[in-house]
Amino acid sequence: MVVEKVHLLSRCDVMMPLEKMPKRENLFGLPYNPIRFDDALALLLATAKKPFFRPLSVFTPNVQHFYLYNKLPTFRAAYNACDLSLLDGMPIVWVCQLLGNSNVERIAGSDLFVTLLPVAINEGLKVCILGGDPGVADKAVEFLCGTSNRNGNVFTLAPPRGFEKNVGLNETIISDINAKSPDFLFVALGSPKQELWIQSNLTHLRAKVVIGVGASVDFVAGVQKRAPVWMQGCGLEWLFRFATGPWRIKKRYIVTNSYFVIYLMRKMLTRLLCFRKHSVAADSLSSGKIKLFGYLLDNLTIDEAISRVDEFIHSDRLHVMTCINAAKVIHAQKNELLRKCILESDMVVADGMSLIWSSRLLGCPLKQRIAGCDFFQKLLAYGQMREYRFY
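If you're wondering where the values come from, they're calculated on a predicted model, not measured in any experiment.

A few words on helix α2 (residues 37-49). Its 13 residues give α2 an end-to-end C-alpha distance of 19 Å, which sits within 8% of 18 Å, the value for a rise of 1.5 Å per residue. The buried count for α2 comes to ten of 13 residues, which makes it a mostly enclosed element. Of all the positions in α2, only F37, A40, L41, A42, L43, L44, L45, A46, T47 and A48 are classed as buried.

Next comes the structure, spelled out in structure tokens:
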């Protein structure tokens with residue numbers, strides 16, 4: 001946990017001006033802002049340091065939120081009205097990338113909480129944590145910041161369950177928050193309660209940044225165990241919670257994940273039929289390139305790729321060719337240098353079958369898988385026949 005904290009804290013170096021907030025997009029209606037983790041942190045910190053104007057509301061959508069967005073009108077209204085929507089669930093991130101948005105990565109509410117709290121305290125910002133059982137939030141603060149680092153700038157509120165339904169008690173909670181005028185208000189009430197509470201009370205709050213962080217406080221305090229880092233990176237955190245959580249958690253994942261998969265399959269099938277009926281697929285094929293996971297792939301057979309390399313050899317400049325697969329696409333999410341190399345390559349071909357299947361699902365099928373080892377062997381034989389030099 002300590003190693004993870006240090007890694008996350010190192011991401012706060014670059015500040016992003018508020019006017020550069022990314023334009024909102026949507027995934028089948030669910031709004032989100034395509035932004036990288038570093039830029040999101042910079043944006044939130046910049047907002048917290050500016051004079052108070054109005055609260056900035058921040059939600060972190062995952063598969064459960066996608067389900068609630070489509071099933072609960074009040075939840076949908078809350079999401080449509082929020083200021084910043086940062087993708088939390090890896091399945092959501094993958095689908096956005098599949099549909100062509102490469103400038104997204106997972107920004108979990110738990111990672112935001114773990115990162116922002118120590119940074120805010122070190123920079124003298126005021127923080128309020130709303131939610132959790134009595135003493136749990138204090139334990140989380142002590143773990144992240146130590147008792148000597150609070151400087152009176154962190155206060156916690158652990159209201160009883162159902163407080164939001166009691167008008168008098170809810171007003172008291174809001175008064176307690178406003179008395180401190182926090183720069184960051186972390187709302188750890190779980191979904192959909194926290195999103196509905198934030199939206200219903202946002203105009204009454206004197207907090208600069210209001211973020212729904214779900215079970216983050218319980219994770220840090222040790223009340224709940226979070227999935228290992230490798231499972232988080234592979235998008236399997238839901239599986240860990242499904243395996244270790246109580247029945248209500250298991251039931252939630254069965255319902256919401258099944259809904260998401262079925263919804264996605266229906267949408268993809270509709271998209272496939274539309275592509276075949278209209279000119280989108282034809283345009284992609286005629287241009288010789290297909291956009292997949294945010295990258296333009298050359299739609300070539302292995303023989304056509306060999307011919308393209310032959311053209312490169314007879315030109316007057318250096319050319320770069322890249323073979324990508326699903327693992328490389330995922331790795332490029334966090335490796336800016338790799339991502340830049342792929343985007344700037346003169347020829348990009350699909351090495352993995354998962355990319356071939358994805359292109360077929362989207363109605364713009366790639367002609368052939370071009371595995372790097374197969375391509376190298378064939379290019380080597382072709383080059384020897386042409387007496388090319390290899391290094």
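The next thing to look at is the side chain of S110. By secondary structure assignment, the location of S110 is in helix α6 (residues 109-122). For S110, the contacting residues outside a window of four places in its chain are S216, F219 and R226.

Moving on, we get to the packing of aromatic side chains. For the structure shown, the criterion picks out 13 aromatic pairs. Considering the side-chain rings of Y67 and Y259, the 5.2 Å spacing of their centres and the 85 degrees angle between planes classify their relative orientation as edge-to-face. Of this pair, Y67 sits in helix α3 (residues 63-71) while Y259 sits in helix α13 (residues 247-277), and the two are 192 residues apart along the sequence. Y67 gets classed as partly exposed once you look at its relative accessible area, which sits at 21%. Of the aromatic side chains, those joined through ring pairs into one cluster are F28, F66, Y67, Y259, F260 and Y263. The cationic tip of R76 hangs over the ring face of Y69; the distance from NZ or CZ to the ring centre is 5.8 Å. Here the guanidinium or amino end of K180 rests over the ring plane of F155, the centre of that ring lying 5.8 Å away.

Looking along the chain, the bond that leaves S191 and enters P192 is cis, with omega of 5 degrees. With respect to the helices and strands, P192 occurs in the loop between β7 (184-188) and α9 (193-201). Positioned with a positive phi, F28 is a non-glycine residue whose angle comes to about 50 degrees. Considering the arrangement of structural elements, one finds F28 in the loop between β1 (25-27) and β2 (30-32).

Here S216 lies in helix α10 (residues 216-221). On the accessibility criterion, S216 (1% relative accessible area) is buried. Reaching out from S216, the side chain makes a polar contact with the backbone oxygen of V213 at a distance of 2.5 Å. Apart from residues lying up to four places away in sequence, S216 is in contact with G109, S110 and F113.

Let us now look at the layout of surface pockets. For the second largest pocket, the calculated volume is near 520 Å³. Every residue lining the second largest pocket is counted, 17 residues in all, and those nearest its centre are V309, I313, L379, R389 and F390. Broken down by secondary-structure element, the contributors of at least two residues to the lining of the second largest pocket are α15 (302-313) and α19 (372-386). With four residues, α19 is the single largest residue contributor to the lining of the second largest pocket. Across the lining of the second largest pocket, the residue classes break down as 13 nonpolar, two polar and two charged.

Scanning all chains against the criterion turns up 19 salt bridges. Two residues, E336 and R36, come together in a salt bridge whose shortest N-O distance is 3.4 Å. A residue pair is termed long-range when its members are at least 10 positions apart, and E336 in helix α17 (residues 336-344) and R36 in the loop between β2 and α2 qualify at 300 residues. In this structure E336 comes out as partly exposed when scored by relative accessible area, which is 43%.

One pass over the full model with this rule turns up zero disulfides. Free cysteine: C373, not disulfide-bonded; nearest cysteine sulfur from C323 at 9.2 Å.

Turning next to the sheet that holds strand β8 (residues 209-212). What the six strands build is an open sheet, ordered β4-β3-β8-β7-β5-β6; its pairing is parallel. The outermost strands of the open sheet, each flanked by one partner alone, are β4 (84-85) and β6 (154-157). The pairing of strand β5 (residues 127-131) with β7 spans five bridges and is parallel. Residue pairing in the sheet places C128 in a bridge with L185 of β7. Running over the sheet, α9 touches β3 (56-59), β5, β7 and β8 and is turned about 140 degrees from β7.

This part covers the environment of H331. As for its placement among the helices and strands, H331 is situated in helix α16 (residues 326-332). On the basis of relative accessibility, which here comes to 47%, the residue H331 falls in the partly exposed class. Separated by 98 residues in sequence, H331 and G233 have C-alpha atoms that sit 9.8 Å apart.

Reading the values: the criteria
- Residues numbered from 1 in each chain as written.
- Predicted model: local features only at pLDDT ≥ 70, side-chain atom pairs only at ≥ 80, totals over all residues.
- Heavy atoms only, no water.
- Helix = DSSP H or I, 4+ residues; strand = E, 2+ residues; numbered from the N terminus.
- Expected span 1.5 Å × (residues − 1).
- Buried < 20%, exposed > 50% of the residue type's maximum accessible area, 1.4 Å probe, protein only.
- Contact = heavy atoms within 4.5 Å.
- Phe/Tyr/Trp six-rings, centres within 6.5 Å; stacked < 30°, edge-to-face > 60°.
- Lys NZ or Arg CZ within 6 Å of the ring centre and 35° of its normal.
- Polar contact = N/O pair within 3.5 Å; in protein donor to acceptor, adjacent residues only side chain to side chain.
- 1 Å grid on protein atoms, 1.4 Å probe; cavity = no way out; pocket = protein on both sides within 12 Å on 5 of 7 lines; lining within 4 Å.
- Points joined across faces, edges and corners; volume = space filled by probe spheres on them.
- Nonpolar A, V, L, I, M, F, W, Y, C, P; charged D, E, K, R; others polar.
- Salt bridge = Lys/Arg side-chain N within 4 Å of Asp/Glu carboxyl O.
- Disulfide = S-S within 2.5 Å.
- Pairing = 2+ DSSP bridges.
- Axes fitted to C-alpha atoms, helices over the stretch in contact; angles between N-to-C directions.

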